[in-house]
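This is what each chain is made of:
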Amino acid sequence: RGYPPHALNLLPGQKMLNSRDRLTTPVPASGHARTDDGMLIHWRSIGSGPPLVLCNGVGVSTFFWKYLANKLMDRHQVILWDYRGHGRSDRRVDPQTGDVSVRRHARDLLAVLDAAGVEEPAVLIGHSMGCQVALETWVLAPERVAGMVLALGSAGRTLHTFGGYAGSARIFRGVHRVIQAAGPRVNQLTRIVLGSPLAWEFARRLALVDPYYTLREDLTPYLQHLSSMDMRLFLRCVLEVDIHDAWPALPNIQVPVLVIAAERDAFTPISCSREIADTLPDADLFILADGSHAALIEQPETFNHRIKRFLSEKFPSPPAA
C-alpha cells in the first residue's frame, strides 16, 4: 500500500499537457533506480536547470515538498524520491534485518542521480533525517554535491538530542523492543489510530505541528503514508538516525550550506542547528519564528523565499550570451 496517487502525480500549479502548451510546460520524468542490492527506488524529476535533490524525513514521502518543488521547478531540475520501504519505492524490506541505515539511503540517492541522468554536482535539500542523508552523500561522493540545505535536522546521534531530552534514545529503544515483539499485528492498530480524526487532534494538541499555521490537508498525506508503513521498519529507521554520526565530517565540507531551524521544533532543538552552522566552514543559519518540525508546510512562503535567496546568492546563473 502506498499513499494516494494524487499526492505524487501533479504538484500545485502543474497541469496536464494539451496541444497548445505541449512545448512550453515542463514534462515530469519518473522511474525506478535499481540499487546495488537489487532494490527499486522511485524518483521523479520536474523542471529543468541546475539539479536540486529533495531528501525526505523518516516516515515521509515527497508530499511535504509540494510548495518548494512548485516554487523551484521554473529554474531547476527538481528531483523527488522515496527511501526504500517508503512511498513508491521497494517495500520489500525486512523490518528486522533489512538495511535502512543512513549510509544505505545515501547510496540509494547516488543510484537515483545516475538513473535520472544527473551528471553535474547537485544541491541536496534535506528535511529532518534528510539532512543526515545529504551529509552522508557528501561523505560518500563529495564530487557530486554542489551545496546543501539542511532544514530542521541534525548531523547525527539524533535521539540523544530529540526534544531536548538526552534520555530519548533509551525510550525509543524500549518502544522498538515492544513493537518488534508485537509482530505484524501492530500495523493493524496503527492504521486504525492514524486513520482516525484523533490523529490530527493529537498532532495539534502536542504541538507536533503548529495548530495555527498547518492546514489539515497538508498533514493528512503524512498520516496516510505513515499508516501504510510497517511500524517495525519505521522505528528501525528512527534508531538508525541515532546510530549515524556525520558530526566529525562537518569541518571538511567545503560547499555552501544553508541551515534552517525553527523556534518551536519539538524534535530537533535549535542548538543542533547552531552547532552545525558553527562547525561548517561555509554556512548560514536561518531561524523560523514560531515554526515547528513541519515548518516547510506551515510557512512555505518564508521557507521557500530563504532557499531561493540562498540558491541565487551561492549559485548565480551565468549571464545570458
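In what follows, the accompanying structure is described.

Below, the discussion takes up the pairing of strand β3 (residues 51–55). Buried residues dominate β3, accounting for five of its five residues. Burial along β3 is two-sided: the face carrying Pro 51, Val 53 and Cys 55 and the face carrying Leu 52 and Leu 54 are both buried. Handedness of the crossover is the feature at issue here: the chain leaves β3, passes through helix α2 (residues 66–72), returns alongside strand β4 (residues 77–81), and the resulting connection is right-handed. As judged from the four bridges shared by β3 and strand β5 (residues 122–127), these two strands associate in the parallel manner. Residue Leu 54 lies in a different strand from β5, and its bridge partner there is Ile 125.

One finds Val 53, Val 78, Trp 81, Ile 125, Met 148, Ile 260 and Ile 307 to be the most contacted residues of the largest nonpolar core, which totals 93 residues. Ranked by residue count, the leading element in this core is helix α9 (residues 231–243), at eight residues. Filtering out sequence-adjacent residues up to four positions away, Ile 307 remains in contact with Leu 68, Leu 72, Ile 125, Val 149, Leu 258 and Ile 260.

Another point: the pattern of salt bridges. For the coordinates displayed, the defined rule picks out 16 salt bridges. Between Arg 107 and Asp 36 there is a salt bridge, with the nearest N and O atoms lying 2.5 Å from each other. With Arg 107 in helix α3 (residues 102–115) and Asp 36 in the loop between β1 (29–34) and β2 (40–46), this residue pair connects regions lying 71 residues apart in the sequence. Arg 107 gets classed as partly exposed once you look at its relative accessible area, which sits at 35%. Taking the shortest distance from any N to any O, the salt bridge between Asp 114 and Arg 144 comes out at 2.8 Å. You can see Asp 114 sitting in helix α3 and its partner Arg 144 sitting in the loop between α4 (129–140) and β6 (145–151), a full 30 residues away along the chain. With relative accessibility at 52%, the residue Asp 114 sits in the exposed group. Its relative accessible area of 18% is what places Arg 144 among the buried residues. Here the salt bridges share partners, and the residues they tie into one network are Asp 36, Asp 37, Arg 84, Arg 104, Arg 107 and Asp 108.

With that settled, the discussion passes to the environment of Val 53. Note that Val 53 resides in strand β3. For the pair Val 53 and Ala 122, spaced 69 residues apart in the sequence, the C-alpha separation amounts to 6.8 Å. Setting aside chain neighbours within four positions, we find Val 53 in contact with Ile 79, Trp 81, Leu 109, Leu 113, Ala 122, Val 123, Leu 124 and Ile 125.

With that settled, the discussion passes to the pairing of β6. The buried count for β6 comes to six of seven residues, which makes it a mostly enclosed element. As for the winding sense of the linkage, the β-α-β connection from β5 through α4 to β6 is right-handed. Inspection of the sheet shows β6 paired to strand β7 (residues 257–262) by four bridges, in the parallel sense. Bridging across to β7, Ala 151 finds its partner in Ile 260.

Parameters and conventions
Residues numbered from 1 in each chain as written. Predicted model: local features only at pLDDT ≥ 70, side-chain atom pairs only at ≥ 80, totals over all residues. Heavy atoms only, no water. Buried < 20%, exposed > 50% of the residue type's maximum accessible area, 1.4 Å probe, protein only. Helix = DSSP H or I, 4+ residues; strand = E, 2+ residues; numbered from the N terminus. Right-handed = clockwise from strand over helix to strand, strands pointing away. Pairing = 2+ DSSP bridges. Core = buried A, V, L, I, M, F, W, Y, C linked by side-chain atoms within 4.5 Å. Contact = heavy atoms within 4.5 Å. Salt bridge = Lys/Arg side-chain N within 4 Å of Asp/Glu carboxyl O.

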